[in-house]
Structure formats: C-alpha cells, structure tokens
Amino acid sequence: MLLPLLPLLAATAFTSPALARALPTDNIITHVVHEKRDFAGSSGRWTKGDRVASHVKVPVRGGLKQSAEAVEKAQGWLMEVSHPASGKFGQHWTQDEIIEAFRPASDSVDEVMDWISETASIPKQRITHTDNKAWLAFDASVADLESLFRTEYHEHHDTATGRSMIPPKHRPAPYMPWNSNELSTCDVAISPACLRALYHFEPLPPNAKVSPNNSMGIFEEGDFYDQLDLNSFFTNFTKYIPNGTHPILDSIDGGMAPITNLSQAGGESNLDFELAIPIIYPQTATLYQSDDLYYALGGNGTTGGIFNTFLDSIDGSYCTYSAYGETGNDPNLDPTYPDPNGYQGQLMCGVYKPTNVISISYGEQEQDLPAFYQKRQCNEFLKLGLQGVSIFVASGDTGVAGIPGDGSANGCLRNGTVFSPTQPNSCPWLTNVGATKVYPGRTVFEPESAVVDPPGHPYHSAFSSSGGFSNIFPIPDYQTSAIAGYFADYNPPYPYYYNGQYNSSNGLYNRNGRGIPDVAANGDNIITYVGGKYRLEGGTSASSPIFGALVTRINEERIRAGKGPVGFINPTLYQHPYVLNDIVNGSNPGCGTNGFSCAPGWDPVTGLGTPNYPKMLELFMSLP
C-alpha cells in the first residue's frame, strides 16, 4: 500500500526559533537535520516510490518542543504528589494543568508561525495551534513544503512485518478441585481463595456501594477474552459473581472483544479478568483493547513498537508529543491509521479517560526498541502518575535473560552473556511486579518463594521472575537507598559496568541502572478457564493484575473516606517496606548464571515483596 502522507509529515518537529530561523550574513536561512529515519530499515519495510506532484495539497502537523523547564521539573512534581512525606501528597494534577505546564513558550510559538508564514507564504490565520498546545497544523502544497524544509517528498510503499507478545505459560490442570474454598491444595493450584489467604483480604459484599469512577483498567492487544470461560470460572470459584459479568470495553483503533469462537479464547485476557474481577467485584474492570486485528496479530506496519496507540487514546496530547527527536507515533514501529486492512478511522487521540489503576501484562526487552522511543514513552507514564494513575507492569518470565532467540540463542546481550532488562519495566515511573510461588508441600500460611521453574517442569520453557537493572534509565531517587543496601549486604558475584556500556566491558549488569522489579505477587499454577477447559497458567502476567486489583480496593476505601486515589505508589512503598511480605528465597537464572538471588529487603527478583493488604490499607488510609 502507499504510506499516507500525513504520518510522514506528522514527524515534523519544530524546536527552538533560534534553530529554525538562524540567519547568516548572506540572509539565507540555514537548516539542520532535526531527525532522520531510515524508512527501509533492516526489515525492508518501506520502499521509496515516485516523487509527489508539486501541486498536491497535504495536511501538515508540526510538533512543538515542550517547555524545557517543565521537563526538568517533572520528576520533582511527581515526587511532590507521590512521596508520603510531601505536604502535597495526593494533590494530583488535572490533564489541563499538565497541558499548561508543558506547553511551549509563547514567543517560540510566535516565531515558528512567523517562519512558516514568511517562508511558505501561508497566512497565519490558516495555521491552527491545537488545544493541547503541542502542535501547529496547516495545509500546504508539496512545492511549498519542499521549499520550507529543503527536501523532496516521495511516496513510500509498505511491506509486511510482524510483531510478538509474551503470552502466559500454561499446562493442563492435574485435577479439578470441587471445593472452591479449599486451601490445602494451594501448592498445586492457586484459586481466588488461595490469594485471599495469602494476602489477607476478603471479597467485598456483592451489593457493596462502589465508586463509579474507580474501574480497574487492563491493557490487552492481540488476545481476547471469552465470556463463556469467565462464566465457567465464576460458577466454579466465585459464586458471588453472576454469570455475564464482563469488563467495560474501551476499543482502541478497532480493538475488538470478546471473542465469539471459544477455541480462539485468549489465555492472557482470560487470566487477567479471572484474577482481577474476583478481587475488585462489584467494582468494574475496563478493558483497553488496543489495535485492529491486522496490527494486533502481527500484520503489516509494526516491527516491535508497543503501547503508543494505547497512550494516544487516553491522552490526546501524546499523539503530537515531541521528545528525544520523536514526534507522535513512530512510522517504523507503530501502527498507522486509517488501516486499509482493518480499522479505517483516524488514530484515536484522547477519546478515553485513564482509570485510577492500569495493569499491563505485555512487554519486550530494552534492546528491542530505540532508547529515544522508550524515553519519550516513559515521560508519558510520568504524566499519568502526576494525574493520579497507578500503572502496574508484569516484569517478565525469563529471569535475567531475554526471550530465547531475541538477539542471541538465549536472549542475552553481547554474545549471549550480558543480562537483558525488560521494557517498559525500566521506566522509573511504573510499578513492576515480579512473580512468587507456593512450592509443593508448602501452604499459604508460610512465606512464598520466587518462581524458579526449570525447562519441562512443568512448562516447556524455563520460567523465573525477570529482574535486573536498566541500561537506559538511572536509579531513581526513591530507589537509591534500597539498591545501595542490596549491593552492600548481598553483592551479586558478577562483574558489572556503568551507564549501560556493556559492549566496552566484561560486566554482566549495569551497576547504576533503575532496579527491576518493585514488588511481587503470586504467578504460578494459577487456575483458569480458557477455551472451555480448566487449566493452570503461570507468569508475571498473573502477578500484575493481582497487585493492581488490591490497589484498586485501597482506592475504593480512600474514595469512600473522601480522599483521592493513591497514584504513583513506589515512593510510599520504598519508604514503608514493612507493608509488604519480604521474599528471601529464590533466584532468577539466565545467561548461563544463577541470576540474582532474593535477599532481605529489596532485591532484583521480587522487589520489596508481596502485598500485605491490611498493612497497605492502613498505611494509605493514613495519608492525605
């Protein structure tokens, strides 16, 4: 197909007026390369075609650089509303306040508009400054644009590529427990009753009054829940939940759910809702089903990008946000809409409101995406935290390694030796959730251990909780003391490097990178119904919705008391780790090593530990 011109032009970014209008002595405007993209790329996705006719009119969207002062202050603003010792704790920002704080300087906007008007002979009244303050929009002929940007415009043809996601691990269940409240078999199969015993909470009364503004958000892409499976699960394990209970669908760019063919039911989606709904009911769940089938199932147009269309849908300013040389979605990595093979509407920007809690059980490795892509996305997670949104992300299932075959046979860096951090987990403004397990012969009344399942026992591939240190993002202030304590008292027996420079070192991990994960929850032998069959699943994919659901419960209690949602919880948890069950047994092997080991306090396997709901509730209820 032909690549639409709009996405091409949407990559245009206007930085500072000094750069845009530098006038040398000969009065000829100089130009600099702001951003360069290889559209052919290593995958050969784009093929250059004929030059576009000069008379063709095209819509132009130019991203304006956000306030540099605001970007510098943003981390401090987030800590003000998130740190338990702050006098502004819980005073989250509105989206309008964020737009105002990050808007480009007025004189910069004026100078860019002058430059466009003078160079391309476009009257200022034809240039629109968008409501989110981040974008200038106008129509121009190709001839005017080629003059304005000193370039040539060509058509580009798009060829098929693929994308991948990490599904939960599953296996046939050994038996079907008849008593849904049985706790003696939690070392074999984890039911909702097992989770209640582990983390000390009870179901809400089915007729409890809940806030209409506290639905729990769950992200899905390329995986679809089935209502018949949910009904079977509720009937057998949570009889207090009526059949037909289902998530609210927020369809993003053609995302569809539920599936109507039972054989196509998705293990990830069913797992998420069969875990979250029993914890939060009668509160609702909101499903952010992202992207049409063509893209979500690996169709033409993506080579690994993830989450951007979702973030677009809950924050319209992100569609046009410029940072780190990237404006809007990446045409090499992200879906492009309208999609002639699927959803033919425009890219959905700001059409949904973010829920107070969002759980994400999808991810990749840091090495899979450019650093600028991840940094721009991480800034958006920070802005969501400023608005009071808690985002929980599964840490991954491959220990200190990556997915086998990703970069090397064992998924590790530098010839299969260096530990591979996960993405988006390395962003400091998320809460990453590792996985624990009730081992055979143990009970829910004893401490859990980190998951370590060797290949074939019981899954085809090895499973251990991903953790380690980012090669892109440094240690955030709220984590500094915890990581320093781990290194001082339980120093890993491996050489290390600094600042992500593993290629110039013999080290195996980044000594000054953001630590992963932050917390943990049970993630193995989870009872599910998928495709009409009872089976067990495992993965940090289970751990994230469990933790997120419990925080949704805490938000419910705070709202009932006239308070707001907890928002970004990491600073509070690191200041008060006693509200979590410390996990001291287990490791996360990979890359030919035993990986990191659990230890008292924070560790890069299970973070600070698993939730103790009564203690967490008491702490967060004591805060403003």
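Residues numbered from 1 in each chain as written. Predicted model: local features only at pLDDT ≥ 70, side-chain atom pairs only at ≥ 80, totals over all residues. Heavy atoms only, no water.

### Quick word on helix H8 (residues 227–237)
- Every buried residue of H8 is listed here: Gln 227, Asp 229, Leu 230, Asn 231, Phe 233, Phe 234 and Phe 237.
- Considering only its buried residues, H8 is in contact with helix H7 (192–199), helix H9 (267–280), strand E26 (526–530) and strand E27 (533–538).
- Between a side-chain oxygen at the N-terminus of H8 and the backbone nitrogen of Leu 228 the separation is 3.0 Å; the capping residue is Asp 226. (Buried < 20%, exposed > 50% of the residue type's maximum accessible area, 1.4 Å probe, protein only. Helix = DSSP H or I, 4+ residues; strand = E, 2+ residues; numbered from the N terminus. Contact = heavy atoms within 4.5 Å. Polar contact = N/O pair within 3.5 Å; in protein donor to acceptor, adjacent residues only side chain to side chain.)

### Details of the nonpolar core
- Core analysis: the largest hydrophobic core is formed by 117 residues, its most contacted members being Trp 429 and Phe 547.
- When near neighbours in sequence (up to four residues on either side) are disregarded, Trp 429 contacts Gln 75, Leu 78, Met 79, Cys 378, Phe 381, Leu 382, Tyr 478 and Phe 568.
- Formed by 20 residues, the second largest nonpolar core is a distinct cluster that contains Ile 122, Leu 136, Ala 140 and Phe 149. (Core = buried A, V, L, I, M, F, W, Y, C linked by side-chain atoms within 4.5 Å.)

### Remarks on the pairing of E27
- The element E27 is extensively covered by neighbouring structure, given that five of its six residues are classed as buried.
- Looking at chain direction, E26 and E27 are connected through five bridges and run antiparallel. Looking across to E27, one finds that Ile 527 is bridged to Leu 536. (Pairing = 2+ DSSP bridges.)

### Description of the state of the cysteines
- Taken as a whole and judged by the stated rule, the model has four disulfides.
- For Cys 378, the disulfide goes to Cys 427, at an S-S distance of 2.1 Å. Its S-S torsion of about 80° marks the bond between Cys 378 and Cys 427 as right-handed, since a negative value means left-handed. Here Cys 378 is found in helix H12 (residues 371–386), whereas its partner Cys 427 is found in the loop between strand E16 (422–423) and strand E17 (431–437), with 49 residues between them in sequence. Exposure class is identical for Cys 378 and Cys 427. Each is buried.
- Paired by a disulfide, Cys 412 and Cys 591 hold their sulfur atoms 2.0 Å apart. (Disulfide = S-S within 2.5 Å.)

### Topic: the UniProt feature "active site" (unreviewed entry) in the protein
- Here the UniProt feature "active site" (unreviewed entry) sits at Glu 268, Asp 272 and Ser 541. In summary, the annotated positions, though distributed over 274 residues, converge in three dimensions, the widest C-alpha pair being only 7.5 Å.
- Mapped onto the secondary structure, Glu 268 falls in helix H9.
- As for its position among the elements, Ser 541 is in helix H15 (residues 540–560).
- A distance of 2.8 Å separates polar atoms of two side chains, one belonging to Ser 541 and the other to Glu 268. (UniProt positions renumbered as here; feature names shortened; annotations may be inferred.)

### Description of the pairing of strand E13 (residues 357–360)
- The side-chain alternation of E13 yields two buried faces, one formed by Val 357 and Ser 359 and the other by Ile 358 and Ile 360.
- Note that strand E8 (residues 216–220) and E13 share four bridges and pair parallel. Within the sheet, the bridge partner assigned to Ile 218 lies in E13 and is Ser 359.

### Re the packing of aromatic side chains
- The tally for this structure, following the rule as stated, stands at 35 aromatic pairs.
- Between Phe 233 and Phe 234, the ring centres sit 6.5 Å apart and the planes meet at 80°, which makes this aromatic pair edge-to-face.
- Between the aromatic rings of Tyr 337 and Tyr 343, the centroid separation amounts to 5.4 Å while the plane-to-plane angle is 70°, which identifies the pairing as edge-to-face.
- Each member of the aromatic cluster is reached from another via a ring pair, and the members are Phe 419, Phe 469, Tyr 486, Phe 487, Tyr 494, Tyr 496, Tyr 498, Tyr 509, Phe 596 and Trp 602.
- Note that Lys 383 overlies the ring of Tyr 321, its terminal NZ or CZ placed 4.0 Å from the centroid.
- Sitting above the plane of the Tyr 496 ring, Arg 511 keeps its charged end 4.2 Å from the centroid. (Phe/Tyr/Trp six-rings, centres within 6.5 Å; stacked < 30°, edge-to-face > 60°. Lys NZ or Arg CZ within 6 Å of the ring centre and 35° of its normal.)

### Regarding the pattern of salt bridges
- In this structure the tally under the stated criterion is 11 salt bridges.
- The salt bridge partner of Lys 124 is Asp 114, with a shortest N-O separation of 2.2 Å. Note that Lys 124 is positioned in the loop between helix H5 (106–120) and strand E4 (128–129) and Asp 114 in helix H5, a separation of 10 residues in sequence.
- The class of Lys 124 is partly exposed, set by a relative accessible area of 41%.
- Among the salt bridges present, the one from Glu 446 reaches Arg 442, with a minimum N-O distance of 3.2 Å. (Salt bridge = Lys/Arg side-chain N within 4 Å of Asp/Glu carboxyl O.)

### Remarks on the environment of Leu 508
- The residue Leu 508 is located in the loop between strand E22 (496–497) and strand E23 (509–510) in this model.
- A C-alpha to C-alpha distance of 9.1 Å links Leu 508 and Ser 420, two positions 88 residues apart in sequence.

### Examining the side chain of Ser 464
- Structurally, Ser 464 can be placed in strand E20 (residues 463–464).
- Residues within four places of Ser 464 in sequence aside, it is in contact with Gly 396, Asp 397, Thr 398, Gly 399, Val 451, Val 452, Ser 587, Asn 588 and Pro 589.

### Points about helix H14 (residues 480–489)
- Looking only at H14, the buried set comprises Ala 482, Ile 483, Tyr 486 and Phe 487. An end-on view of H14 places all buried positions within 130° of arc, on one side of the element. Exposed side of H14, more than 90 degrees from the buried face: Ser 481, Ala 488 and Asp 489 are the residues found there.
- Elements in contact with the buried residues of H14: strand E21 (468–474), E23, strand E24 (513–516) and helix H16 (570–575). (Arc of directions from axis to C-beta.)

### Considerations on the environment of Trp 77
- Tracing the backbone shows Trp 77 in helix H3 (residues 68–82).
- Taking the C-alpha atoms as reference points, Trp 77 and Trp 93, 16 residues apart in sequence, are found 9.6 Å from one another.
- When residues no more than four places from it in sequence are discounted, the contact partners of Trp 77 are Ala 70, Trp 93, Ala 101, Phe 102 and Leu 386.

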